[in-house]
Each structure stands twice: as C-alpha cells, then as structure tokens.
Amino acid sequence: EAQFGAQAIYQGGLRIHTTLDPNTQRLAEATIANNRTAINAGGANNAAMVVLQPQTGEVLAMVGSADFNDESISGQINMAMTPRQPGSSIKPLVYLSAMEDGWTPSTLIWDVPTQFPDGANPAYEPKNYDDQFHGPLRLRPALGNSYNIPAVKALEYYGVCRFVANMQKVGLTSLQDSGCQETGQPRDHGFSLALGGGEIPALEMAGAVGALANQGRYVEPITIARIENRTGDVIFEQNLAGNQSQTIRPEHAYLLNDILSDDGARQPEFGPNNLLNVPGHSVAAKTGTSGTTGSDVRDAWTIGYTPEVVTAVWVGNTNNQPVGGGQSGYRLASPIWNQFMSNYLAGRQPVDFARPPGIAEVEICADSGAQPGPGCNQLIVERFASDQLPPGSDQDFLQSL
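Quick look at the structure, then.

Definitions and limits used
- Residues numbered from 1 in each chain as written.
- Predicted model: local features only at pLDDT ≥ 70, side-chain atom pairs only at ≥ 80, totals over all residues.
- Heavy atoms only, no water.
- Axes fitted to C-alpha atoms, helices over the stretch in contact; angles between N-to-C directions.
- Helix = DSSP H or I, 4+ residues; strand = E, 2+ residues; numbered from the N terminus.
- Parallel < 35°, antiparallel > 145°, perpendicular 65-115°, else oblique.
- Left-handed = near helix turned anticlockwise from the far one by under 90°.
- Contact = heavy atoms within 4.5 Å.
- Salt bridge = Lys/Arg side-chain N within 4 Å of Asp/Glu carboxyl O.
- Buried < 20%, exposed > 50% of the residue type's maximum accessible area, 1.4 Å probe, protein only.
- Disulfide = S-S within 2.5 Å.
- Pairing = 2+ DSSP bridges.
- Phe/Tyr/Trp six-rings, centres within 6.5 Å; stacked < 30°, edge-to-face > 60°.
- Lys NZ or Arg CZ within 6 Å of the ring centre and 35° of its normal.

### Here's the deal with the packing of helix 4 (residues 91–100) against helix 6 (residues 148–158)
Contact geometry of helix 4 with helix 6 gives a least axis separation of 9 Å together with a crossing angle of 45 degrees. Taken as axis vectors, helix 4 and helix 6 run oblique relative to one another. In the packing of helix 4 onto helix 6, the handedness of the crossing is left-handed. Along its contact with helix 4, which presents Lys91, Val94, Tyr95, Ser97 and Ala98, the element helix 6 presents Asn148, Pro150, Ala151, Ala154, Leu155, Tyr157 and Tyr158.

Dropping the structure here:
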C-alpha cells in the first residue's frame, strides 16, 4: 500500500505473488496446532514460527500465532513480527562479534563467579542455567552448552555499543540503544544483552541467522516475490540474486555453523540424542530463554538451520506474562522445532555446510586452547580461520595460573 497506494491495492486488480510455499506453510501450522496441549501445559498460550530460504531470503512459512481466531490469546497479533527477548539464541552473534575481533573456537574463557560493574546500580552477576561454574572453557563448549558467564565476558570484551552497531549488518534493526547513538555509551542495554536482554522479532532473528547458513551473506527476508497489474504486466519483482551482501567472513560463518552443529560441544548440558539433532542431516541449532529459570521466564526459543532452510520458533504468552517455572527454550520450543524440521527434511538429500578454503585444522591442548607444549595432557584437533591460529603454547597458560 505504501508503494502503490490504497486504490491500486484494493481496486486495481493486482495479482500479488507471495514467497510462501503452501506445503511448508501447512506443515508449520499443523506442527504448532499439534503441540498446543504441550504449549499450554508449559504455562504458555501462544507460539510462532518463521521458515525462510537463506540464499534468497524468501519466507517459506510464517505462523504468527497458534490460532488466528482465538481472541483469548490475541491470535490476530503476529508474534513472528513482534519484538520479544531472544534469550540465548543471540549468543552465536555475540561470539561472532568477538571472533571478528580476534577470538577463535579455542579462546579460553573463565566461567567463574564474576561481577560486572553497572555504574550507580548494583554490579551485574550472571549465573548459568545449571547454577554451576565450569572453570576455564574454550569457546566451542562455552557456546555449545550455552553457558552464560562466558557469553557476557565476550560482550564485555567487544562492547555493548559496538555490538548493537555490528548487528545492523545482519538486519537486527529492532536492536537499538539511544545512549550509543547520542553519547557512545549504552543507556538502554547492559551486559545482559549477551543473554538476550534486547527485544527482537522472530523474523529478524531468522534473517540474521540466515547469514550464517548462507556462508556469511545476509539477505533481507522478503514475503512478496512479484506483483502484476490487471493486464498481467509485472510492475514489481524482487531481485533474488542481487539483494545479498557479504556481511560476515565465510570462515567465521563456517566456524559458528561447525560449533552449533557439533553435538559433542553440547555435552553435558543437553545430553545425548537431544532435540537439537535431526538424524541424517547437518543441522545447526541454538535455544533461547528470556528471564531466569525461576518464575519470570517469558520467552522460549529454538532457532536452527541447514544450508537450505532456517526455522525460528517462539513460544510464550502474547501478553508477556511469565510461563511456568523451570521452563526453557529447550523444553517448550525445541520439540516444535524438531518436529517441523524432521518432517520438512524427510526425504531430502542431506547438504553439509560448505567449508571455505581459509579453514585450517590445528592440534591444540584441550585444557588451554593453545598450541601444545610439554605440559599438555590431552591433544585435540580444532578448526580455525587460517589467519587466526591459536597463540602461544600451554606453557603460557600454566604460567598464567
């Protein structure tokens, strides 16, 4: 309507071709409908899903609510386009920013009790979901297990304002901070942003993650493919081949895909045979939970993808009331995500994430994440961008202790 005017839209006889795939849309709707009992049992009343093709940005399915006609859940509000806190599903983008500033999958982060100054406010002291501390961790298991303290340290290292600015390149335009714009110092967000403290719609999150699936090329999500007038002339058509830009290094996209699809990196928090796996397919996935594990959990997320499809699932209450205590993105959203992806990928040929030429495999010391020295107890092979190899040796690590 903004582009062609109300009269042309409602009286011009236009034929509007959307990007929706009917079979994918029906599958998405049915998957959420089949899980309404479990959604309600978890203390939530609504769910949304976005499915898109990362190479073109085409939205293949969008379910804005569990039931459009259900007034008790405000079903006509499109929760796929409503900003909500993404929880830990934003952590891959936090670590991406740190990797762009020199971190690697073997960077060592200390998961120990840590207080982060917050101006005149009490210090911010995050805790992990399991309420434990895990000592020195390499970035791979820190992200795979979704530990909170290492993610906050990554954001502290990179900077809140820099992170907000960096995320604009992958379409997180809802993430803004007035203080960063005015003074260069954050006002609206603190380090809890690393744990999803900002509000972002599922559609934007799917688009941002799509850049990882698309070898670092961001494509803005689209829902209209072309428009024809009453005589069949094409008056608008998307340029599906030319609307993407290389906003992330292919090496960094690959390394994050490698971590998020590494089931071993998710141990011990998620256990074996967890819902983030789709047998027979290379699938990268990340959960998210806003709030804490107590009574104030409000949003449950699972976002996962292959090189050919991205699926983002949100579960919560439309009015932003808390869901039941002890709930999480894994418990509420992952079953829906897994059911959809398993059915969508069934019968499709598996596709691996493309490995760019600038990736090197290097033997490192598991304890330190550094190149092995005489004191190394366990050797493992890690992947790196070839121009960001692990520094020093484990001798330096031992001396730092």
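There is more to say, and it comes next.
### Observations regarding the pattern of salt bridges
The full count for this structure, using the stated rule, is 16 salt bridges. When the shortest N-O distance is used, the salt bridge between glutamate 251 and arginine 249 registers 3.3 Å. With a shortest N-O distance of 3.0 Å, glutamate 361 and arginine 355 are connected by a salt bridge. By relative accessible area, which is 42% here, glutamate 361 ends up partly exposed. Where salt bridges share partners, they join Arg140, Asp258, Asp262, Arg355, Glu361, Glu382 and Arg383 into one cluster.

### Some words on the state of the cysteines
The tally for this structure, following the rule as stated, stands at two disulfides. Linked covalently through their sulfurs, cysteine 161 and cysteine 180 form a disulfide whose S-S length is 2.0 Å. Handedness here is read from the sign of the S-S torsion; for cysteine 161 and cysteine 180, about -85 degrees, the answer is left-handed. With cysteine 161 in helix 7 (residues 160–166) and cysteine 180 in helix 8 (residues 178–182), the pair connects residues that are 19 residues apart, well separated along the chain. Assessed through its relative accessible area of 16%, cysteine 161 is described here as buried. Cysteine 180 gets classed as buried once you look at its relative accessible area, which sits at 18%. Note that cysteine 365 is cross-linked by a disulfide to cysteine 376, the S-S spacing being 2.4 Å. Taking the torsion about the sulfur-sulfur bond, which here is approximately 105 degrees, the covalent link between cysteine 365 and cysteine 376 counts as right-handed. Here the residue cysteine 365 occupies a position in strand 15 (residues 359–365), and cysteine 376 occupies one in the loop between strand 15 and strand 16 (379–385), the gap between them amounting to 11 residues. When the bonded cysteines of the protein chain are counted from the start of the sequence, the pairing works out to 1-2, 3-4.

### Details of the sheet that holds strand 12 (residues 284–289)
Spatial ordering of the open sheet is given by 3-2-14-13-12, a layout of five strands whose pairing is antiparallel. Among the strands making up the open sheet, the edge pair consists of strand 3 (59–63) and strand 12. Averaged over neighbouring strand pairs, the angle between their axes works out to 10 degrees when direction is ignored. Relative to strand 14 (residues 310–316), strand 2 (residues 46–52) runs antiparallel, the two being bridged by seven bridges. What sits directly across from valine 51, in strand 14, is threonine 311. Relative to strand 13 (residues 299–305), helix 9 (residues 202–213) is tilted by about 30 degrees, and along the sheet it contacts strand 2, strand 3, strand 13 and strand 14.

### Structural notes on the packing of aromatic side chains
Following the criterion strictly, the structure yields six aromatic pairs and no others. Centre to centre, the rings of phenylalanine 116 and tyrosine 124 are 6.4 Å apart; their planes meet at 40 degrees, and the pair counts as tilted. Ring pairing ties together the aromatic residues Phe116, Tyr124 and Phe191, which thus form one cluster. Over the aromatic face of tyrosine 158 sits the side chain of arginine 162, whose NZ or CZ is 4.0 Å from the ring centroid. The positively charged end of arginine 348 is found above the aromatic ring belonging to tyrosine 344, 4.0 Å away from the centroid.

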